[in-house]
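Remarks on the overall topology
Single-letter residue listing:
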Amino acid sequence: MALPSAPMPSEERSPYAVRAAAQAGHLRLPPLPTTTIGSFPQTGELRAARAAVAAGTLSQADYERRVEAEIERVIRVQERLGLDVLVHGEPERNDMVQYFAEHLDGFAVTRNGWVQSYGSRCTRPPILHGDVGRPAPITVRWAAYAQSLTSRPVKGMLTGPVTIVAWSFVRDDLPLRDVVFQVADAIRQEVRDLEAAGLSIIQVDEPALRELLPLRRSAQAEYLEWAVAAYRRATSGASDRTQIHTHLCYSDADQILAAIDGLDADVTTIESARSGARILGAVSAFGRGLGPGVYDIHSPRVPSTEEVESLLRRALEELPVERVWVNPDCGLKTRTYEEVEASLANVVTAARRLRPALRH
(Lines give C-alpha, C1' and ligand atoms only; values in the text may rest on other atoms or scores of the structure.)
Protein backbone atom coordinates (compact mmCIF):
# COMPACT_ATOMS: atom_id res chain seq x y z
CA MET A 1 0.00 0.00 0.00
CA ALA A 2 1.51 3.32 -1.08
CA LEU A 3 1.79 6.14 1.41
CA PRO A 4 2.55 9.84 0.89
CA SER A 5 6.18 10.75 1.44
CA ALA A 6 5.51 13.82 3.57
CA PRO A 7 2.85 15.24 5.88
CA MET A 8 0.01 16.99 4.07
CA PRO A 9 0.07 20.79 4.53
CA SER A 10 -2.83 20.63 6.99
CA GLU A 11 -0.77 18.29 9.19
CA GLU A 12 2.14 20.71 9.63
CA ARG A 13 2.57 22.32 13.04
CA SER A 14 2.80 26.09 13.42
CA PRO A 15 6.21 27.75 13.09
CA TYR A 16 8.50 27.22 16.08
CA ALA A 17 8.19 30.79 17.35
CA VAL A 18 4.42 30.40 17.64
CA ARG A 19 4.77 27.02 19.37
CA ALA A 20 7.48 28.25 21.74
CA ALA A 21 5.33 31.14 22.94
CA ALA A 22 2.35 28.84 23.53
CA GLN A 23 4.51 26.32 25.39
CA ALA A 24 6.24 28.93 27.53
CA GLY A 25 2.91 30.32 28.66
CA HIS A 26 1.54 26.89 29.42
CA LEU A 27 4.54 25.15 31.02
CA ARG A 28 6.14 28.13 32.84
CA LEU A 29 9.50 26.41 33.25
CA PRO A 30 12.56 28.11 34.81
CA PRO A 31 15.72 28.91 32.83
CA LEU A 32 17.83 25.78 32.25
CA PRO A 33 14.95 23.33 32.88
CA THR A 34 16.16 19.99 34.19
CA THR A 35 14.88 16.61 33.02
CA THR A 36 16.02 13.08 32.18
CA ILE A 37 15.82 11.12 28.96
CA GLY A 38 13.13 8.65 30.05
CA SER A 39 14.14 5.40 31.70
CA PHE A 40 15.09 4.93 35.35
CA PRO A 41 16.98 1.89 36.72
CA GLN A 42 15.47 -1.45 35.77
CA THR A 43 15.86 -3.28 39.07
CA GLY A 44 16.24 -7.02 39.50
CA GLU A 45 12.85 -7.06 41.18
CA LEU A 46 11.19 -5.55 38.10
CA ARG A 47 12.83 -8.02 35.75
CA ALA A 48 11.91 -10.91 38.03
CA ALA A 49 8.28 -9.76 38.17
CA ARG A 50 8.13 -9.54 34.37
CA ALA A 51 9.55 -13.06 34.09
CA ALA A 52 7.05 -14.34 36.66
CA VAL A 53 4.14 -12.98 34.64
CA ALA A 54 5.46 -14.74 31.53
CA ALA A 55 5.83 -17.96 33.53
CA GLY A 56 2.32 -17.69 34.94
CA THR A 57 3.45 -17.47 38.58
CA LEU A 58 2.45 -13.82 39.02
CA SER A 59 -0.93 -12.44 38.03
CA GLN A 60 -1.20 -9.53 35.61
CA ALA A 61 -3.02 -7.51 38.27
CA ASP A 62 -0.25 -8.04 40.82
CA TYR A 63 2.36 -7.14 38.23
CA GLU A 64 0.57 -3.93 37.34
CA ARG A 65 0.39 -2.95 41.02
CA ARG A 66 4.18 -3.38 41.20
CA VAL A 67 4.61 -1.22 38.12
CA GLU A 68 2.44 1.50 39.65
CA ALA A 69 4.47 1.35 42.88
CA GLU A 70 7.69 1.75 40.90
CA ILE A 71 6.27 4.70 38.95
CA GLU A 72 5.35 6.40 42.21
CA ARG A 73 8.86 5.75 43.53
CA VAL A 74 10.37 7.34 40.41
CA ILE A 75 8.10 10.39 40.63
CA ARG A 76 8.89 10.94 44.34
CA VAL A 77 12.63 10.61 43.73
CA GLN A 78 12.50 13.24 40.98
CA GLU A 79 10.39 15.60 43.08
CA ARG A 80 12.80 15.24 46.00
CA LEU A 81 15.78 15.93 43.76
CA GLY A 82 14.06 19.00 42.29
CA LEU A 83 13.83 18.09 38.61
CA ASP A 84 11.55 20.36 36.60
CA VAL A 85 10.17 17.95 33.97
CA LEU A 86 9.59 14.41 35.19
CA VAL A 87 9.35 10.98 33.56
CA HIS A 88 7.52 7.86 34.70
CA GLY A 89 10.71 5.78 34.45
CA GLU A 90 9.41 3.11 32.03
CA PRO A 91 9.30 0.23 34.57
CA GLU A 92 6.75 -1.62 32.42
CA ARG A 93 9.05 -1.77 29.38
CA ASN A 94 11.36 -4.65 28.57
CA ASP A 95 12.91 -2.76 25.65
CA MET A 96 12.19 0.50 23.83
CA VAL A 97 11.22 -1.34 20.61
CA GLN A 98 9.98 -4.75 21.74
CA TYR A 99 7.48 -3.17 24.14
CA PHE A 100 5.78 -1.28 21.32
CA ALA A 101 5.89 -4.30 19.00
CA GLU A 102 4.02 -6.32 21.61
CA HIS A 103 1.14 -3.83 21.42
CA LEU A 104 0.98 -3.22 17.66
CA ASP A 105 -0.64 -5.35 14.97
CA GLY A 106 1.74 -6.62 12.31
CA PHE A 107 4.53 -7.59 14.72
CA ALA A 108 5.56 -10.87 16.31
CA VAL A 109 8.00 -11.19 19.20
CA THR A 110 10.20 -14.13 20.08
CA ARG A 111 10.96 -15.87 23.34
CA ASN A 112 14.59 -16.77 22.65
CA GLY A 113 15.59 -14.69 19.62
CA TRP A 114 18.38 -12.77 21.35
CA VAL A 115 20.96 -10.76 19.40
CA GLN A 116 23.88 -8.73 20.71
CA SER A 117 23.22 -5.00 20.79
CA TYR A 118 26.47 -3.64 22.23
CA GLY A 119 28.93 -4.93 24.82
CA SER A 120 27.12 -7.52 26.90
CA ARG A 121 23.68 -6.03 26.19
CA CYS A 122 21.30 -8.16 24.11
CA THR A 123 17.82 -7.56 22.73
CA ARG A 124 15.11 -9.58 20.98
CA PRO A 125 14.27 -7.73 17.74
CA PRO A 126 10.59 -8.06 16.80
CA ILE A 127 9.51 -9.54 13.47
CA LEU A 128 7.50 -7.04 11.43
CA HIS A 129 5.51 -9.32 9.13
CA GLY A 130 2.25 -7.52 8.26
CA ASP A 131 0.47 -4.19 8.05
CA VAL A 132 0.96 -2.17 11.23
CA GLY A 133 -1.97 -0.99 13.31
CA ARG A 134 -2.54 0.22 16.87
CA PRO A 135 -5.56 -1.57 18.30
CA ALA A 136 -5.44 0.37 21.59
CA PRO A 137 -3.39 3.01 23.41
CA ILE A 138 0.00 1.67 24.49
CA THR A 139 1.60 4.07 26.97
CA VAL A 140 -1.27 6.31 27.98
CA ARG A 141 -2.27 4.45 31.14
CA TRP A 142 1.17 4.63 32.73
CA ALA A 143 1.94 8.18 31.62
CA ALA A 144 -1.42 9.48 32.84
CA TYR A 145 -0.97 7.68 36.17
CA ALA A 146 2.45 9.34 36.61
CA GLN A 147 1.00 12.76 35.81
CA SER A 148 -1.77 12.21 38.36
CA LEU A 149 0.87 11.89 41.09
CA THR A 150 2.50 15.30 40.60
CA SER A 151 1.80 18.91 39.67
CA ARG A 152 5.02 19.06 37.64
CA PRO A 153 4.90 18.20 33.92
CA VAL A 154 5.55 14.56 33.05
CA LYS A 155 6.84 13.59 29.60
CA GLY A 156 5.05 10.97 27.57
CA MET A 157 7.73 8.62 26.21
CA LEU A 158 7.56 7.05 22.74
CA THR A 159 9.96 5.36 20.33
CA GLY A 160 10.01 6.87 16.85
CA PRO A 161 8.94 5.06 13.67
CA VAL A 162 12.41 4.85 12.11
CA THR A 163 13.91 3.32 15.25
CA ILE A 164 11.10 0.78 15.68
CA VAL A 165 11.65 -0.41 12.11
CA ALA A 166 15.46 -0.23 12.26
CA TRP A 167 15.59 -2.47 15.31
CA SER A 168 13.17 -5.07 13.93
CA PHE A 169 13.37 -7.81 11.30
CA VAL A 170 11.25 -6.25 8.57
CA ARG A 171 9.03 -7.66 5.82
CA ASP A 172 10.54 -7.26 2.34
CA ASP A 173 7.37 -7.20 0.22
CA LEU A 174 6.89 -3.43 0.72
CA PRO A 175 9.36 -0.56 0.34
CA LEU A 176 10.97 0.20 3.70
CA ARG A 177 9.63 3.75 3.50
CA ASP A 178 6.05 2.51 3.35
CA VAL A 179 6.56 0.30 6.40
CA VAL A 180 8.02 3.21 8.38
CA PHE A 181 5.01 5.37 7.50
CA GLN A 182 2.64 2.68 8.77
CA VAL A 183 4.46 2.78 12.11
CA ALA A 184 4.42 6.59 12.02
CA ASP A 185 0.64 6.54 11.77
CA ALA A 186 0.42 4.32 14.86
CA ILE A 187 2.74 6.64 16.82
CA ARG A 188 0.71 9.63 15.65
CA GLN A 189 -2.39 8.10 17.25
CA GLU A 190 -0.45 7.55 20.48
CA VAL A 191 0.75 11.18 20.51
CA ARG A 192 -2.82 12.41 20.18
CA ASP A 193 -4.07 10.13 22.96
CA LEU A 194 -1.26 11.20 25.31
CA GLU A 195 -2.14 14.83 24.66
CA ALA A 196 -5.82 14.13 25.30
CA ALA A 197 -4.86 12.45 28.59
CA GLY A 198 -3.22 15.66 29.83
CA LEU A 199 0.44 15.18 28.90
CA SER A 200 1.91 18.55 27.87
CA ILE A 201 5.32 17.19 26.83
CA ILE A 202 5.79 14.16 24.58
CA GLN A 203 9.18 12.75 23.66
CA VAL A 204 9.52 10.70 20.47
CA ASP A 205 13.02 9.23 20.28
CA GLU A 206 14.88 8.45 17.06
CA PRO A 207 18.32 7.10 18.07
CA ALA A 208 18.46 4.94 14.91
CA LEU A 209 18.02 7.83 12.46
CA ARG A 210 21.71 7.74 11.55
CA GLU A 211 21.96 3.95 11.85
CA LEU A 212 19.51 3.29 9.01
CA LEU A 213 21.34 5.67 6.65
CA PRO A 214 22.17 3.76 3.42
CA LEU A 215 25.83 3.08 2.73
CA ARG A 216 25.50 4.27 -0.87
CA ARG A 217 25.77 8.05 -0.93
CA SER A 218 23.40 8.19 -3.88
CA ALA A 219 20.59 6.79 -1.72
CA GLN A 220 21.18 8.85 1.41
CA ALA A 221 19.30 12.03 0.50
CA GLU A 222 16.14 10.12 -0.42
CA TYR A 223 16.28 8.12 2.81
CA LEU A 224 16.73 11.20 4.99
CA GLU A 225 13.86 12.96 3.22
CA TRP A 226 11.31 10.24 3.95
CA ALA A 227 12.71 9.44 7.41
CA VAL A 228 12.27 13.06 8.46
CA ALA A 229 8.82 13.16 6.85
CA ALA A 230 7.80 10.03 8.79
CA TYR A 231 8.85 11.61 12.08
CA ARG A 232 6.94 14.79 11.30
CA ARG A 233 3.90 12.73 10.35
CA ALA A 234 4.10 11.00 13.74
CA THR A 235 4.36 14.24 15.71
CA SER A 236 2.57 16.92 13.70
CA GLY A 237 -0.87 16.08 15.10
CA ALA A 238 0.07 17.67 18.43
CA SER A 239 -1.22 21.14 19.30
CA ASP A 240 1.11 24.12 19.49
CA ARG A 241 1.24 24.15 23.28
CA THR A 242 2.26 20.47 23.45
CA GLN A 243 6.04 20.39 23.49
CA ILE A 244 7.59 17.68 21.31
CA HIS A 245 10.99 16.40 22.40
CA THR A 246 13.29 13.99 20.62
CA HIS A 247 16.46 12.21 21.67
CA LEU A 248 19.36 10.85 19.66
CA CYS A 249 22.32 8.79 20.81
CA TYR A 250 24.35 5.71 19.82
CA SER A 251 25.58 7.31 16.59
CA ASP A 252 27.57 10.07 14.91
CA ALA A 253 24.71 12.54 14.90
CA ASP A 254 26.94 15.28 13.51
CA GLN A 255 26.86 13.47 10.14
CA ILE A 256 23.09 14.08 9.72
CA LEU A 257 22.60 17.45 11.38
CA ALA A 258 20.36 18.84 8.64
CA ALA A 259 18.02 15.87 9.03
CA ILE A 260 17.92 16.23 12.83
CA ASP A 261 17.08 19.90 12.40
CA GLY A 262 14.40 18.87 9.91
CA LEU A 263 12.62 16.78 12.53
CA ASP A 264 11.38 20.14 13.85
CA ALA A 265 11.19 18.93 17.45
CA ASP A 266 10.72 21.70 19.99
CA VAL A 267 13.54 20.26 22.10
CA THR A 268 16.32 17.92 20.96
CA THR A 269 18.37 16.11 23.60
CA ILE A 270 21.60 14.66 22.38
CA GLU A 271 24.60 12.74 23.68
CA SER A 272 27.32 15.28 24.43
CA ALA A 273 29.08 14.68 27.77
CA ARG A 274 30.57 11.38 26.63
CA SER A 275 32.07 12.99 23.50
CA GLY A 276 33.45 16.05 25.26
CA ALA A 277 30.72 18.36 23.95
CA ARG A 278 32.31 18.34 20.48
CA ILE A 279 28.88 18.53 18.81
CA LEU A 280 27.86 21.80 20.48
CA GLY A 281 29.08 24.16 17.80
CA ALA A 282 27.42 22.16 15.06
CA VAL A 283 23.98 22.08 16.67
CA SER A 284 23.96 25.69 17.82
CA ALA A 285 22.28 26.76 14.57
CA PHE A 286 19.17 24.61 15.09
CA GLY A 287 17.16 27.52 16.47
CA ARG A 288 15.04 25.47 18.88
CA GLY A 289 15.45 23.93 22.33
CA LEU A 290 18.57 21.81 22.85
CA GLY A 291 19.68 19.57 25.69
CA PRO A 292 23.35 18.64 25.22
CA GLY A 293 23.96 15.88 27.78
CA VAL A 294 25.87 16.87 30.92
CA TYR A 295 26.05 13.41 32.57
CA ASP A 296 27.61 10.38 30.86
CA ILE A 297 25.35 7.51 31.89
CA HIS A 298 27.62 4.87 30.35
CA SER A 299 29.89 5.08 33.39
CA PRO A 300 29.12 4.41 37.07
CA ARG A 301 31.11 7.54 37.93
CA VAL A 302 29.10 10.34 39.53
CA PRO A 303 29.89 13.70 37.88
CA SER A 304 30.60 16.53 40.32
CA THR A 305 28.48 19.65 40.46
CA GLU A 306 31.48 21.64 39.19
CA GLU A 307 31.90 19.33 36.21
CA VAL A 308 28.25 19.68 35.22
CA GLU A 309 28.36 23.43 35.73
CA SER A 310 31.41 23.64 33.45
CA LEU A 311 29.56 21.77 30.68
CA LEU A 312 26.56 24.06 31.07
CA ARG A 313 28.71 27.16 30.85
CA ARG A 314 30.22 25.77 27.67
CA ALA A 315 26.72 25.21 26.25
CA LEU A 316 25.75 28.78 27.15
CA GLU A 317 28.69 30.09 25.16
CA GLU A 318 27.11 28.56 22.04
CA LEU A 319 23.37 28.88 22.78
CA PRO A 320 21.00 31.48 24.20
CA VAL A 321 19.80 30.54 27.67
CA GLU A 322 16.16 30.22 26.63
CA ARG A 323 17.09 27.30 24.37
CA VAL A 324 19.25 25.27 26.80
CA TRP A 325 17.93 22.20 28.61
CA VAL A 326 19.79 20.23 31.27
CA ASN A 327 19.75 16.43 31.03
CA PRO A 328 21.86 13.26 31.00
CA ASP A 329 23.30 11.87 27.77
CA CYS A 330 20.85 8.98 27.64
CA GLY A 331 18.39 6.89 29.65
CA LEU A 332 19.22 5.60 33.14
CA LYS A 333 18.02 2.03 32.68
CA THR A 334 21.44 0.41 33.18
CA ARG A 335 22.49 2.44 36.22
CA THR A 336 21.70 1.88 39.92
CA TYR A 337 19.47 4.14 41.98
CA GLU A 338 22.45 5.10 44.16
CA GLU A 339 24.41 6.32 41.11
CA VAL A 340 21.40 8.00 39.55
CA GLU A 341 20.28 9.93 42.61
CA ALA A 342 23.77 11.23 43.39
CA SER A 343 24.37 12.25 39.77
CA LEU A 344 21.00 13.94 39.25
CA ALA A 345 21.35 15.82 42.54
CA ASN A 346 24.56 17.37 41.20
CA VAL A 347 22.91 18.11 37.83
CA VAL A 348 20.04 19.98 39.53
CA THR A 349 22.43 21.86 41.84
CA ALA A 350 24.56 23.00 38.89
CA ALA A 351 21.53 24.33 37.01
CA ARG A 352 20.24 26.16 40.07
CA ARG A 353 23.64 27.77 40.69
CA LEU A 354 23.61 29.31 37.23
CA ARG A 355 20.01 30.51 37.13
CA PRO A 356 20.25 33.71 39.24
CA ALA A 357 22.83 35.27 36.90
CA LEU A 358 20.79 34.31 33.83
CA ARG A 359 17.64 36.14 34.93
CA HIS A 360 19.24 39.55 34.44
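To be clear, the structure that these remarks concern was listed above.
The present account deals with the structure reproduced in this document. (Residues numbered from 1 in each chain as written. Predicted model: local features only at pLDDT ≥ 70, side-chain atom pairs only at ≥ 80, totals over all residues. Heavy atoms only, no water.)

Points about the overall build of the protein
The following threshold applies: Under the scheme used here, helices are H or I runs from DSSP no shorter than 4 residues and strands are E runs no shorter than 2 residues, and both carry numbers assigned from the N terminus. Only the protein chains shown count as covering a residue, and every accessible area follows the Shrake-Rupley method with a 1.4 Å probe. For the purpose of counting charges, residues Lys and Arg are taken to be positive, whereas Asp and Glu are taken to be negative. His and the chain ends are not included. By convention, the point assigned to a charge is CZ for Arg, NZ for Lys, CD for Glu and CG for Asp.
Scanning the protein from terminus to terminus reveals 12 helices and 10 strands. Dimensions of the protein along its principal axes, counting C-alpha atoms only, are 60 × 50 × 40 Å. Total accessible area computed for the protein in this model is approximately 15,100 Å², and 50% of it derives from carbon and sulfur atoms. Counting 41 positive and 46 negative side-chain charges, the protein places the averaged centre of each group 3 Å from the other.

Thoughts on the packing of aromatic side chains
Here is the rule: Only centres within 6.5 Å qualify two rings of Phe, Tyr or Trp (six-membered ring in Trp) as a pair; their planes then separate them into stacked at under 30 degrees, edge-to-face at over 60, and tilted for everything else. A 1.4 Å probe rolled over the protein chains alone gives each residue an accessible area, and that area as a share of the maximum for its type sets the label: buried under 20%, exposed over 50%, partly exposed in between.
Scanning the model with the defined rule gives three aromatic pairs in all. Measuring from ring centre to ring centre gives 6.4 Å for Phe40 and Tyr337, while their planes differ by 45 degrees; the resulting arrangement is tilted. In this pair, Phe40 sits in the loop between helix 1 (16–27) and helix 2 (44–55) while Tyr337 sits in helix 12 (residues 337–358), placing the two residues 297 residues apart along the sequence. Where Tyr99 meets Phe100, the ring centres are 5.9 Å apart and the plane angle is 85 degrees; that geometry is what we call edge-to-face. Its relative accessible area of 5% is what places Tyr99 among the buried residues.

A short note on the environment of Asp173
One can find Asp173 in the loop between strand 6 (169–170) and helix 7 (176–196). C-alpha separation for the pair Asp173 and Gly130, spaced 43 residues apart in sequence, amounts to 9.5 Å.

Description of helix 8 (residues 217–235)
To keep it simple, the criterion reads: To estimate the expected span of a helix, subtract one from its residue number and multiply by 1.5 Å.
For helix 8, built from 19 residues, the straight-helix expectation of 27 Å at 1.5 Å per residue is met to within 8% by its first-to-last C-alpha distance of 28 Å. Taken together, the buried positions of helix 8 are Gln220, Tyr223, Leu224, Trp226, Ala227, Val228, Ala229, Ala230, Tyr231, Arg233, Ala234 and Thr235.

Focus on helix 7
Side chains three or four residues apart in an α-helix point the same way, a direct result of the helix having 3.6 residues per turn. Between its first and last C-alpha atoms helix 7 spans 31 Å; for 21 residues at 1.5 Å apiece the expected length is 30 Å, and the two agree. Trailing helix 7 by a residue or two, Gly198 shows a phi angle of about 105 degrees, which is positive.

Focus: the sheet that holds strand 4 (residues 127–133)
Rule in force here: Two strands are said to pair when DSSP picks up at least two bridges between them.
Ordered in space as 1-4-6, the three strands form an open sheet in which the pairing is mixed. Edge positions in the open sheet fall to strand 1 (105–108) and strand 6, since each of these has one partner strand only. One ladder, built from two bridges, connects strand 4 with strand 6; its direction is parallel. Bridge pairing in strand 6 places Ile127 opposite Phe169.

Some remarks on the pattern of salt bridges
To be explicit about the condition: The salt bridge definition used is simple: a Lys or Arg side-chain nitrogen within 4 Å of an Asp or Glu carboxyl oxygen.
Tallied over the full model, the rule gives 26 salt bridges. Where Glu12 meets Arg232, a salt bridge forms, and the shortest distance between an N and an O atom there is 3.0 Å. One end of the pair, Glu12, is in the segment before helix 1; the other, Arg232, is in helix 8, with 220 residues separating them in the sequence. We note a salt bridge from Asp131 to Arg171, for which the minimum N-O separation is 2.8 Å. Residue Asp131 is located in strand 4, and its partner Arg171 is located in the loop between strand 6 and helix 7; the two are separated by 40 residues in the primary sequence. A residue is classified by how much of its surface remains accessible, and Arg171, at 17% relative accessible area, is buried.

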